[in-house]
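Residue strings, one per chain:
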Amino acid sequence: MLPQTNRRVTPRGILRGICAFRGWPRFALAILFFVAAGNSGGIADAQTSGATGKGLEPIREYIAAGWDSLTRSLTECKTVIDTKLATASVFYIPADFEIPPDVQQLEKQCNVQAKHLPTVIHSLGEIDPGKIDPAGLLYLPSKYVVPGGRFNEMYGWDSYFVIRGLVRDNRIDLARGMVENFFFEIEHYGAVLNANRTYYLTRSQPPFLTSMILAVYDAQRVSGHEDRAWLEKAYGYAVRDHSLWTHEPHLAGSTGLSRYYDFGDGPAPESLKDETGHLAQVTAYFLSHPAVGRSYLVQKGAGEEAQPGPGPLFGVQVCETAATTMARSDCSSAGSVALSTDYYKGDRAMRESGYDISFRFGPYGAATHHYAPVCLNSLLYKTEEDLARISEMLGRKKDAADWRKRADERKELIQMYLWDAKRGLYFDYDFEKQLQSSYEYVTTFLPMWAGVAMPEQAAAIMKNLGVFERPGGLVMSPHESGGQWDYPYAWAPNQLLADEGIRRYGYRDEADRVSYEFLSTVAENFRRDGTIREKYNAVTRSSETQVTTGYHMNIVGFGWTNGVFLALLNELPHEAVARLAQEQDSAAVGVVH
């Protein structure tokens, strides 16, 4: 576990400095990288040069245009011609689903191939994605909004925040189509997927399905188009989605809580493409931190035969070096090392959590599958409360009572395992070590958003607001690991969840202030470059990022930031919105405050 400090734990520095161990001035350990034989521009039309004396109109126009430029359909060539693959594009249809006529036409128009999956899928883990060659997109029947210009797939938890923006902009049909795509995924791919690609057939993402259903249903009702039949259908799929998280292997030991878990093994395929050098970096870290507490390395001595493993094998050499230059000479083999199966399970589970990469669940998130997380269990509590509400609307009184009972039981367990009264925050729980984490994380506000926290607990959390609040909003954590989901970054989804949680317990001034800090950061950067990004540096209030661990790009778009911007803006008092608009105008004419 990292110390309680903002000091950087820099994996890049570890790679640079791993050849200089204190007490061994003339020898060094070097990792040579080899693999064992066994084993933005999606919204260009709206990218004006910032505000032009029209208040918030330019950024609102950018977001409105973004809903169209970020929309994809698997009946259009621009979606099915897969930019993430070097090979000819292939996309996949469920094994028991007839290829629609418009897809047949698409094959001719776009020079792509639609193939059936090799088997019918009822649940996650029934099919090995590694045997689907080449990898490709999975068919969805309705249009959907993607995060940014480089993406062609619909993501799980991203879509909730996108939908919040769509209903705010009265794009209800598009929002409903996205929810119906998730019904299609549950029916034909076994679950709400991380995203609709074949290599995601082993994992889901944080459960926001009931929140999406109710956002759409409530918007339809307000517009005079209440649809009880649709809600009845949605209820059945929501129950199936909830069931994934309340059965093995998604149970957190004997706690009665749930965990993240990916059914796949070995390196996550998307990480091999987007995170060059990441596995070597992780290996270097664990070699230089042998007392982490779990065995994430499998080592072989020199001359021992290396068995094929789930991931790449790295050679280790001991080298005599010059004291000043650290140049290698006369190196001797010290065997080989690979990351363990348990590491890859944790890494994949971290990706199901959506928080990739953070050190919240231990270095590089490697112990994610050993934790009962605050975020997941808060979301499941809200899911159970949502299902009770839907049951009541549908006249299912017994179901409603059962769901409320389940929610109450989960609430009691969250309070037992995840609340630290002494520190006044919620923490994740390592159910294998039977030990609560000490890693402060912004997900501590999710029990407030979901309604789990008691008023006195909310008051304690608010006393700790300064742990997270920075000039540009709330940082993910006060710990600088080099990962994009740690200090100093602020992400739109957690800004919204925290803001709404803070408001729910009556802390309106604090919610307005924190919300304004993030909104003004987004607006300020929009004035500079005419774009909205996926994340921001909450300390410098800039979209410039220096991520050194894992995925490091800061993509233009950006679906969930657009949606959250609209949702937060709607909650601000009129005078704060006017102030934000005035700042846009003042900056446009060069007024310095």
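Up top you'll find the structure we're talking about.
Rules used throughout
- Residues numbered from 1 in each chain as written.
- Predicted model: local features only at pLDDT ≥ 70, side-chain atom pairs only at ≥ 80, totals over all residues.
- Heavy atoms only, no water.
- Helix = DSSP H or I, 4+ residues; strand = E, 2+ residues; numbered from the N terminus.
- Contact = heavy atoms within 4.5 Å.
- Disulfide = S-S within 2.5 Å.
- Buried < 20%, exposed > 50% of the residue type's maximum accessible area, 1.4 Å probe, protein only.
- Core = buried A, V, L, I, M, F, W, Y, C linked by side-chain atoms within 4.5 Å.
- Polar contact = N/O pair within 3.5 Å; in protein donor to acceptor, adjacent residues only side chain to side chain.
- Pairing = 2+ DSSP bridges.
- Right-handed = clockwise from strand over helix to strand, strands pointing away.
- Phe/Tyr/Trp six-rings, centres within 6.5 Å; stacked < 30°, edge-to-face > 60°.
- Lys NZ or Arg CZ within 6 Å of the ring centre and 35° of its normal.
- Axes fitted to C-alpha atoms, helices over the stretch in contact; angles between N-to-C directions.
- Parallel < 35°, antiparallel > 145°, perpendicular 65-115°, else oblique.
- Left-handed = near helix turned anticlockwise from the far one by under 90°.
- Nonpolar A, V, L, I, M, F, W, Y, C, P; charged D, E, K, R; others polar.

Moving on: the environment of Trp-491. Summarising the element assignment, Trp-491 is placed in strand E17 (residues 489-491). Among residues more than four places away in sequence, those in contact with Trp-491 are Met-476, Gln-484, Trp-485, Phe-518, Glu-534, Lys-535 and Trp-560.

Here we come to the state of the cysteines. Across all of its chains, the model carries two disulfides by this definition. A disulfide bridge connects Cys-77 with Cys-110, and the sulfur atoms are separated by 1.8 Å. When the S-S torsion is -75°, as for the bridge of Cys-77 with Cys-110, the disulfide is left-handed. Highlighted residues: Cys-77 in helix H3 (residues 77-80) and Cys-110 in helix H4 (residues 101-110), separated in sequence by 33 residues. For Cys-77, a relative accessible area of 27% translates into the label partly exposed.

Next up on the list: the nonpolar core. Membership of the largest hydrophobic core comes to 176 residues, with the highest contact counts inside it found for Phe-91, Phe-286 and Phe-445. Element by element, the count of residues in this core is highest for helix H12 (residues 374-393), at ten residues. Among all residues touching Phe-286, those that are not within four sequence positions of it are Val-292, Tyr-296, Leu-297, Leu-339, Tyr-343, Pro-363, Tyr-364 and Ala-366.

Let's shift gears to the side chain of Thr-368. Structurally, Thr-368 is set in the loop between helix H11 (341-353) and strand E10 (371-372). Residue class for Thr-368 comes out buried when judged on its relative accessible area of 0%. A distance of 2.6 Å separates the side chain of Thr-368 from the backbone oxygen of Gly-365, its partner in a polar contact.

Another aspect to go through is the pairing of strand E3 (residues 90-93). A regular strand carries its side chains on alternate faces of the sheet. Burial along E3 is two-sided: the residues Val-90 and Tyr-92 and Phe-91 and Ile-93 are all buried. As paired elements, E3 and strand E4 (residues 113-116) share four bridges and run parallel to each other. Residue pairing for E4: Tyr-92 is matched across the bridge by Lys-115. Tracing the backbone out of E3, into H4 and back to the parallel element E4 gives a crossover that is right-handed. Here two bridges tie E3 to strand E5 (residues 137-138), and the two strands are oriented parallel to one another. What sits directly across from Phe-91, in E5, is Leu-137.

So, on to the packing of aromatic side chains. Applying the stated criterion across every chain yields a total of 44 aromatic pairs. With a centroid separation of 5.5 Å and an interplanar angle of 85°, the aromatic rings of Phe-151 and Tyr-155 are classed as edge-to-face. Given the relative accessible area of 9%, Tyr-155 is considered buried. On the basis of an interplanar angle of 15° and a centroid distance of 4.9 Å, the ring pair of Tyr-160 and Phe-208 is categorised as stacked. Placement of the pair is Tyr-160 in helix H5 (residues 156-168) and Phe-208 in the loop between helix H6 (172-189) and helix H7 (209-222), with a sequence separation of 48 residues. We note that Tyr-160, like Phe-208, is buried. One aromatic cluster is present, formed by Trp-157, Tyr-160, Phe-161, Phe-208, Tyr-355, Tyr-439, Tyr-441, Trp-449, Trp-485, Trp-491, Phe-558 and Trp-560 through successive ring pairs. A cation sits over an aromatic face here: Arg-150 above Phe-151, 5.1 Å from the ring centre. Its end group placed over the ring of Tyr-516, Arg-579 keeps NZ or CZ at 4.1 Å from the ring centre.

Here three strands make up an open sheet; going across it, the order is E10-E13-E14 and the pairing antiparallel. Here the strands that pair on one side only, and so sit at the sheet edges, are E10 and strand E14 (435-436). Sheet analysis places strand E13 (residues 429-430) next to E14, joined by two bridges and oriented antiparallel. Opposite Asp-430, over in E14, you have Leu-435 as the bridge partner.

Where helix H2 (residues 57-69) contacts helix H18 (residues 559-571), the two axes come as close as 10 Å, and the packing angle between them is 130°. By the criterion of interaxial angle, the relationship of H2 to H18 is oblique. The way H2 lies across H18 gives a crossing that is left-handed. Contacts from Ile-59, Arg-60, Tyr-62, Ile-63 and Trp-67 of H2 reach H18 at Gly-559, Asn-562, Gly-563, Phe-565, Leu-566 and Leu-569. The class makeup of the residues in the contact of H2 with H18 is seven nonpolar, three polar and one charged.

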